[in-house]
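Fold and geometry: a report
Single-letter residue listing:
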Amino acid sequence: MGRVHAQAYARLPHHFPDSARPELVAIADDIPERAVDAARQFGARAAVTGWRAIVHDPKIRAVSVTAPNFLHREIGTAVVNAGKHLWIEKPVGLNVSDAVAIARAAQRQGVSVAVGFNYRNAPAVAAARDLIETGRLGTITHARFYFLSDYAAHPDGALSWRFQRARGGNGVLGDLASHGVDLVRYLLGDVDSVVADTAIFVPERSVPSGATSGHQLASGGQREPVENEDYVFAQLRLASGARCTVEASRVSVGEQNAYGFEIHGTTGMVAWDFRRIGELRVAAGSAFQDQATTTRYAGPGDGEYAAFQPASAMAMGYDELKVIEAHRFVQSIETNSPVGATISDAVATAQVIEAISTSVRTGGWEKPQSV
Ligand SMILES: NC(=O)c1ccc[n+]([C@@H]2O[C@H](COP(=O)([O-])OP(=O)(O)OC[C@H]3O[C@@H](n4cnc5c(N)ncnc54)[C@H](O)[C@@H]3O)[C@@H](O)[C@H]2O)c1
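If you're wondering where the values come from, they're calculated on a predicted model, not measured in any experiment.

A few points about the packing of aromatic side chains
The relative placement of two aromatic rings is captured by the distance of their centres and the angle of their planes. Taken as a whole and assessed by the stated rule, the structure comprises 14 aromatic pairs. For the pair Phe201 and Tyr231, a centre-to-centre distance of 5.8 Å together with 50° between the ring planes defines the contact as tilted. Of this pair, Phe201 sits in the loop between strand S7 (191-199) and strand S8 (204-206) while Tyr231 sits in strand S10 (residues 231-238); the two residues are 30 residues apart in sequence, bridging distant segments of the chain. The class for Phe201 is exposed, based on a relative accessible area of 54%. Put simply, the rings of Tyr119, Phe145, Phe147, Tyr259, Phe261, Trp272, Phe274 and Tyr318 pair up and form one aromatic cluster.

Next up, the structure:
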């Protein structure tokens, strides 16, 4: 993710020529060659192994935190306490307490915090939100959000930080369901209560012999338990009264980045799938029965689409969602007012995820607890 942030900053002037031009000053990775390679590739002046050098550098005004989840709280609070703006990856720490610690420090310091809930940045998702807000689908009644992946489906997938509670948190809940919950909140509003079930389907994995990156294989080594969830299915009652499901899995063979939603209202429906990023399936009208479902392509009027392409139906990609995120982050700094997903969204999402975990323990409906 550090690479994705670095290239998003570099592409800002290509797509948003009026935006401030960030200069990449330094890259930190605790593995020296990773820092040196990345600094060379992305044109940073310095490569360091200790992230504190970046926090203490007075020339640096903003920092991206793309380290594993267990480091988010320590690095994130140090960044904002140094008066620097922060772009931090989801899920923002291991739990609600970590996200709240960063939120409070940022509020005290008056700095901007952007969070990596990138799927809400897709122009087609902006178009879906517009359809909902303008009442084209009637009153929203029910919806289905899915985030299915195979990144941990291989039984020889290495036991990286992602599978340990102390370093990765609650597994697929923070990793993928958090994206789903953010989209639920962004498109349909607050969550009132949840009931949920989770499972671990690959109970142990091989300990890797060295540092990992991404989703590596590691066979033959000592095997240790997977400590957090592979799969979650949650039913949500929304404050609006709508009913909604969120399903997320990291072990679904045959599913690669199968992320999307189907939202139903009293007069229509809208559906989006990340793998067809620029398309919405829309049924809007007054027929109720046998109403046609049509394809509506994202175009220059939707979200930030016009910064990339001049006409509809030119497919964008994942990296473009991060360029949009970088632009919103810079806008937040320039205007001193939040644009895009913020630390408040991370806190609210973590509260829903925590209610999901509580529901798994109690077996009943649980409400997100605000602090
Ligand atoms: N928004 C998204 O779609 C998305 C996608 C993938 C990952 N993420 C998030 O990004 C974060 C990183 O995930 P990843 O897949 O890039 O992980 P990764 O394991 O591939 O990379 C983590 C990097 O951090 C480095 N690192 C570890 N400890 C460090 C330290 N003390 N100081 C400096 N660097 C250190 C590692 O050497 C490695 O290069 C996670 O929070 C994850 O949830 C978000």
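Some words on the environment of His327
Topologically, His327 is positioned in helix H9 (residues 318-335). Sequence separation between His327 and Ala8 is 319 residues, and the spatial gap between their C-alpha atoms is 8.6 Å.

Overview of the sheet that holds strand S3 (residues 62-65)
Strand order in the open sheet formed by 3 strands is S3-S4-S5, and the pairing between neighbours is parallel. Pairing within the sheet leaves two strands with one partner each, and these edge strands are S3 and strand S5 (113-115). Going across the sheet, the axis of each strand differs from the next one's by a mean of 15°, ignoring polarity. Here strand S4 (residues 85-88) pairs with S5 via 3 bridges, running parallel.

Focus on the sheet that holds strand S15 (residues 294-297)
Ordered in space as S7-S10-S11-S6-S12-S13-S14-S15, the 8 strands form an open sheet in which the pairing is mixed. Looking at the sheet topology across the chains shown, the edges are occupied by S7 and S15. The sheet shows a mean angle of 15° between the axes of neighbouring strands, direction not considered. Relative to strand S11 (residues 243-249), S10 runs antiparallel, the two sharing 7 bridges. Residue pairing in the sheet places Tyr231 in a bridge with Ser249 of S11.

Comments concerning the packing of helix H6 (residues 123-133) against helix H8 (residues 172-188)
Look at H6 against H8: their axes get within 9 Å of each other, and the N-to-C directions meet at 40°. When the axis of H6 is compared with that of H8, the two are oblique. Touching Val125, Ala128, Arg129 and Ile132 of H6 are Leu183, Tyr186, Leu187 and Leu188, all from H8. Among the residues forming the contact of H6 with H8, the class breakdown is 7 nonpolar, no polar and 1 charged.

Re the UniProt feature "domain: GFO/IDH/MocA-like oxidoreductase" (unreviewed entry) in the protein chain
UniProt tags residues 126-270 as "domain: GFO/IDH/MocA-like oxidoreductase" (unreviewed entry). Measuring from the first to the last C-alpha atom of residues 126-270 gives 12 Å, for a span that is 20% helix and 34% strand.

Here's the deal with helix H5 (residues 96-109)
Helix length check: H5 (14 residues) gives 20 Å between terminal C-alpha atoms against 20 Å at 1.5 Å per residue, within 8%. Regarding H5, the residues found buried are Val96, Asp98, Ala99, Val100, Ala101, Ile102, Ala103, Ala105 and Ala106. In this fold, the buried residues of H5 make contact with helix H4 (72-81), S4, S5 and helix H10 (343-362). One or two positions beyond H5, positive phi appears at Gly110, with a value near 70°.

What counts and how
- Residues numbered from 1 in each chain as written.
- Predicted model: local features only at pLDDT ≥ 70, side-chain atom pairs only at ≥ 80, totals over all residues.
- Heavy atoms only, no water.
- Phe/Tyr/Trp six-rings, centres within 6.5 Å; stacked < 30°, edge-to-face > 60°.
- Helix = DSSP H or I, 4+ residues; strand = E, 2+ residues; numbered from the N terminus.
- Buried < 20%, exposed > 50% of the residue type's maximum accessible area, 1.4 Å probe, protein only.
- Pairing = 2+ DSSP bridges.
- Axes fitted to C-alpha atoms, helices over the stretch in contact; angles between N-to-C directions.
- Parallel < 35°, antiparallel > 145°, perpendicular 65-115°, else oblique.
- Contact = heavy atoms within 4.5 Å.
- Nonpolar A, V, L, I, M, F, W, Y, C, P; charged D, E, K, R; others polar.
- UniProt positions renumbered as here; feature names shortened; annotations may be inferred.
- Expected span 1.5 Å × (residues − 1).

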